[in-house]
Amino acid sequence: MRPSLRSLALVCAAALAAAQAALAGEVEVVKGGKYWGKLESYEAGSDVYLGLKEVSKVYGAQLYWFSVQGEVSLTLRGRPVRFKEDSDEATVDGRPAKLPRPLLTRVGRTFVPVEFLSDPLFSEVSGLETKFNPKTRLLLVDARSNVGPLRWFTYPDHTRVVLELAEGLGVV
C-alpha cells in the first residue's frame, strides 16, 4: 500500500507544527540590570533550551559550527566552549563539563539546556553570572563580582568600613 501525496503532506505539516509549537516559548533576559530582550526557547516537557546563536549574542561570543566533527563551539573572551551534537559532554576552556541534558538540534538550530549557563565553569569563562527562574521565565545575566557593596558606619570616635568579599577571598 502506497501512501498518497496528500497523507504525506499532512504528516509533514503535523511534524512542522509540532516543532514550531515546541519553539513557541520565550525567555526574557535582563543583562547588567537592564532589560536586554526576549529569546525564543525550545521546550521539551518542562525542560527549557535556548538557541546557541541567541546565547552567543547575549554573552558576546563567537559561534562556530564544525559539521564534519559534529561539534559547535562558542568562543568567549578567547576561551572556547565546545559542544558535541546530541551529547551531554562539553569542554570548557579545555576542561571536561557535563550538560544537564544533551544538546539538541531541531529545525536546523542547535539548543543548549538553559541550566548550563549557570554552571560555574561557564561563568568563569564568560565572566558573567547567570540565574534562570523557570516560573517567571527570566534569565538574569550579571558581571561576576568578588566584592560586595561597600558600607560604612560612622560613630562619634571612629568610622567602620565594611567590604564583603566572596567566599574564599577573606583573610585566613
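Every chain's residues receive numbers from 1 upward, in the order its sequence appears when written. Only residues with pLDDT of 70 or above have their local features reported here, since the model is predicted, and side-chain atom pairs are shown and tallied only from 80 upward, although totals for entire chains, interfaces and linings are computed over all residues. Only hydrogens and water are set aside; all other atoms, that is, all heavy atoms of the structure, feed into the side-chain values.

> Would you mind going over the overall build of the chain with me for this structure?
In this description a helix means any DSSP run of H or I spanning at least four residues, a strand means any run of E spanning at least two, and both kinds are numbered starting from the N terminus. The secondary structure content of the chain amounts to 3 helices and 14 strands. With a 1.4 Å probe rolled over the protein chains alone, any residue whose accessible area is under 20% of its type maximum counts as buried; one over 50% counts as exposed, and the rest are partly exposed. For the chain, with 172 residues in total, the buried portion stands at 34%. Contact between two residues is taken to exist if any of their heavy atoms lie within 4.5 Å; hydrogens are not considered. The contacts in the chain between residues at least 6 apart in sequence include a share of 35% that link residues at least 24 apart. All accessible-area figures derive from a Shrake-Rupley calculation using a 1.4 Å probe, and residue coverage is judged against the displayed protein chains alone. Element-wise, carbon and sulfur atoms account for 57% of the exposed surface of the chain, whose accessible area totals about 11,000 Å².

> Would you explain the confidence of the model for the chain in this entry?
The predicted structure's coordinates, where accompanied by low pLDDT, should not be read in detail. Every residue gets a pLDDT, meaning the predictor's confidence in that residue, from 0 to 100. Across the chain, the average pLDDT comes to 84, with 83% of residues at 70 or higher. Predicted confidence in the chain is weakest over helix α1 (residues 5-22), with a mean pLDDT of 50, and strongest over helix α2 (residues 52-59), with 95. Counting interchain partners and residues more than four positions distant, the pLDDT-below-50 stretch residues 13-22 has 5 contacts.

> Help me understand the sheet that holds strand β5 (residues 71-76) in this model?
Either a parallel or an antiparallel arrangement is found when strands of a sheet pair, and the pairing is made through backbone hydrogen bonds. Strand pairing is assigned whenever DSSP identifies at least 2 bridges connecting the two strands. What the 5 strands build is an open sheet, ordered β4-β5-β6-β7-β8; its pairing is antiparallel. Every interior strand has two partners, whereas the edge strands, β4 (62-66) and β8 (95-98), have only one. Neighbour to neighbour, the strand axes of the sheet diverge by 20 degrees on average, direction disregarded. Bridge count for strand β7 (residues 89-92) against β8 is 4 bridges, and the pairing is antiparallel. Residue pairing across strands places Glu 89 opposite Lys 98, the latter belonging to β8. Here an axis means a line fitted to C-alpha atoms, over the contact stretch when the element is a helix, while the angle between two N-to-C directions is reported on a 0 to 180 degree scale. Sitting on the sheet, α2 touches β4, β5 and β6 (79-84), and the angle it makes with β5 is about 10 degrees.

> Would you mind showing me how to read the sheet that holds strand β3 (residues 47-51) here?
In spatial order, the strands read β9-β10-β3-β2-β1-β12-β11; together these 7 strands make up an open sheet with mixed pairing. In this open sheet, the two strands that pair with only one neighbour each are β9 (104-106) and β11 (128-133). Along the sheet, successive strands turn relative to each other by an average axial angle of 35 degrees, direction set aside. When β9 meets strand β10 (residues 109-113), the two strands line up antiparallel, connected through 3 bridges. Its bridge partner being in β10, Thr 105 is matched across the sheet by Thr 110.

> Teacher, can you tell me more about the pattern of salt bridges here?
Salt bridges are defined as contacts in which a side-chain nitrogen from Lys or Arg sits within 4 Å of a carboxyl oxygen from Asp or Glu. According to the stated counting rule, one finds 12 salt bridges in the structure shown. In this structure, Lys 38 engages Glu 26 in a salt bridge whose closest nitrogen and oxygen atoms are separated by 3.7 Å. On the criterion of sequence distance, the pair formed by Lys 38 in strand β2 (residues 34-44) and Glu 26 in strand β1 (residues 25-31) is long-range, its members being 12 residues apart. Between Glu 54 and Arg 109 there is a salt bridge, with its nearest N and O atoms 3.1 Å apart. Of this pair, Glu 54 sits in helix α2 while Arg 109 sits in strand β10; the two residues are 55 residues apart in sequence, bridging distant segments of the chain. Classification of Arg 109 as partly exposed rests on a relative accessible area of 23%. One salt-bridge network, in which partners are shared between bridges, spans Arg 79, Asp 93, Arg 95 and Glu 124.

> Would you take a moment to explain the nonpolar core for this structure?
Proteins that are soluble and globular tend to have nonpolar side chains buried together. The definition of a nonpolar core used throughout is a set of buried Ala, Val, Leu, Ile, Met, Phe, Trp, Tyr and Cys residues joined through side-chain atoms within 4.5 Å. Judged by nonpolar contacts, the single largest core of 31 residues is most densely connected at Tyr 59, Leu 74, Val 81, Phe 83, Phe 116 and Leu 139. If one sorts the elements of this core by residue count, α2 sits on top with 4 residues.

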